[in-house]
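# Understanding the architecture of this molecule
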Protein chains: 2
Amino acid sequence: MTDNRSRIAPAEIERFLKHALALADEARKNILAAQRSGFSVKRKPDKSFVTSVDVAVEQRLRELIGVQFPEHGILGEELPAANADAPFQWILDPVDGTEDFAHGIPNFGVILGLHYQGTPLVGVIDHPLLDLRVHAAYGLGAYRNGERIRLTDLAPEEIDGTERITLCARANFTRHGDDGHIFDAIVRAHPNHRIYRTCLAHTLAVTGAVDAMIEYGDRIWDLAASQILVEEAGGRYRCVREWDIPDVGKVYGAVFGKPTLVDRIAERFF
Amino acid sequence: MTDNRSRIAPAEIERFLKHALALADEARKNILAAQRSGFSVKRKPDKSFVTSVDVAVEQRLRELIGVQFPEHGILGEELPAANADAPFQWILDPVDGTEDFAHGIPNFGVILGLHYQGTPLVGVIDHPLLDLRVHAAYGLGAYRNGERIRLTDLAPEEIDGTERITLCARANFTRHGDDGHIFDAIVRAHPNHRIYRTCLAHTLAVTGAVDAMIEYGDRIWDLAASQILVEEAGGRYRCVREWDIPDVGKVYGAVFGKPTLVDRIAERFF
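I will try to describe carefully the structure that is included in this document. (Residues numbered from 1 in each chain as written. Chains lettered and ligands numbered in written order. Predicted model: local features only at pLDDT ≥ 70, side-chain atom pairs only at ≥ 80, totals over all residues.)

Turning our eyes to something else, we now look at the nonpolar core. L112(A), A212(A), I214(A), L112(B), A212(B) and I214(B) are the most contacted members of the largest nonpolar core, which totals 158 residues. Contacts of L112(A), omitting those with residues within four sequence positions, involve A20(A), L23(A), A24(A), L92(A), V124(A), A224(A) and A225(A). (Core = buried A, V, L, I, M, F, W, Y, C linked by C-beta atoms within 7 Å. Buried ≥ 20, exposed ≤ 12 C-beta atoms within 10 Å, placed from the backbone. Contact = placed C-beta atoms within 7 Å.)

Below, the structure written as structure tokens:
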């Protein structure tokens, strides 16, 4: 099977990446400014948090994409989809971990991805308050603050309980079904676990700061950057579940990070 | 019952606090310098991480305490106890979350406490890379980066599943016994949970960024600052377990944060 992405010229991919990095710069600038000047916080019907910053940043990024690539689609957490049938789709989570952002905890971040016919091409996760950014593009490698990332796999005997994992909260496993037992089995099997915010947990897995991340019941914008990031870093990304939730849309489960551990954990989902 | 601490003059407490803050400054300076220049990492017999920075910072803090208060005791994570019978005991965790520190994750921190006859008098948690510090002293209030903290309690009806908690990893509940079921019950009852590193999770509970923190199976230096911090912030601290582990020493379980939620969670331990 030919990878659709191989039909896109490398110079074109570089142009997309450059634009994604400019979007991340703009998002960071706006978030830091709002952090200083203050912002409003409210709760969505599902009781999750949204701030004036989430919406303002998404609006601003949409403007910039619209000017540069008017034919591209845009799918964001806070506003309606644009050009939903276009082959190129920009996918945005302007502030992931809004609840932490609203409470002054610096573990939030910006997630940006560009997908081509459903396959990830470019990914960026930016943490404005941590001065930390990871980026990757198809064929161009993955980088942490500009420095190339190359993940080293774990040997099977290194999976002895000291391996480091992050995962989402147990609530993610029960939000759209009854899969809490998978969470329970994972935290028993891998006792050295932490539950960080999505974007930071993903950054940690992409950079090898943890060995694997387990995401579950999340939307496409939560995962928009992670596959290309981890694959370009030499790691593995496995989608372990994909299902349609009425009135919500498609939700996903994924395991990614160092290949041997990813495969071990992914088995639990099948 | 008279609180032993009320016998200590406020000016004396201020002097201790000033010294604790100077120690935290020194620790931060040394940690940031090491972050730039590099440091060595190794694993202790229990497979936990220790770096050259942990030991160097503890040594430096011990020197400074020894000069100022030669009659005080010092209990630290990395080096043998000094003046173990003294009524005043400085308790130090020079780098809490060493594993994160070693992997470039900024969620680590310095924990410092001064206890008088076993009761906490002064507490500081400093996060060098987050530029975040909390401090408190008996009768003098609790502060976040110099700004007074006053926790507001949750109303019982606000404990509806959206309340925010942090807790330690499940491994802490099984390390010295068979209490994994308590972890399981807590993550079911409070689905909005995160597992951050000890020091950051404590800072979040002290500042009200989360509503409660559950710590379990940890040593005195992990908890050295938290009781005075949360009590001076207007919150509640409950020690829910205290036991002796051969070849390890005393370990503790504690729940702290907003009073109504703390009491609710603490019930699970009795």
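Right, let's get into the sheet that holds strand β14 (residues 249–257) of chain A. Residue and element names in this part refer to chain A. One open sheet accounts for 5 strands, arranged β11-β10-β12-β14-β13; its pairing is mixed. In the strand order of this sheet, the two ends are held by β11 (193–194) and β13 (236–245), each with one partner. Note: strand β10 (residues 165–167) against strand β12 (residues 212–218), 3 bridges, orientation parallel. Paired with L167 across the bridge in β12 is I214. (Pairing = 2+ DSSP bridges. Helix = DSSP H or I, 4+ residues; strand = E, 2+ residues; numbered from the N terminus.)

To continue, consider the relation of the copies chain B and chain A. To go from the first copy of the chain to the second, apply a rotation about an axis and then a shift along the same axis. Overlay of chain B on chain A (RMSD 0.0 Å): rotation 180 degrees, translation along the axis 0.0 Å. Expressed as a symmetry operation, the mapping of one chain copy onto the other fits a two-fold axis. The position closest to the rotation axis in chain B is occupied by the C-alpha of I195(B), lying 2.2 Å away. Take the interface residues of chain B: 100% of them recur as interface residues in chain A, which is what a same-surface contact looks like. (Least-squares fit on C-alpha atoms with pLDDT ≥ 70 in both.)

In this complex, chain B contributes 21 residues to the contact, which on the side of chain A involves 21 residues. Put simply, the parts of the chain that give the side of chain B that touches chain A at least two residues each are α5 (180–189) and β11 (193–194) of chain B. The biggest single contributor to the side of chain B that touches chain A is α5(B), with 3 residues. When its residues are assigned to classes, the side of chain B that touches chain A shows 11 nonpolar, 5 polar and 5 charged. (Nonpolar A, V, L, I, M, F, W, Y, C, P; charged D, E, K, R; others polar.)

Here the focus is the pairing of strand β4 (residues 88–96) of chain A. Residue and element names in this part refer to chain A. Burial analysis of β4 places 8 of its 9 residues in the buried class, which makes it a mostly covered element. As judged from the 4 bridges shared by strand β3 (residues 73–76) and β4, these two strands associate in the parallel manner. By the bridge assignment, I74 is partnered in β4 with W90.

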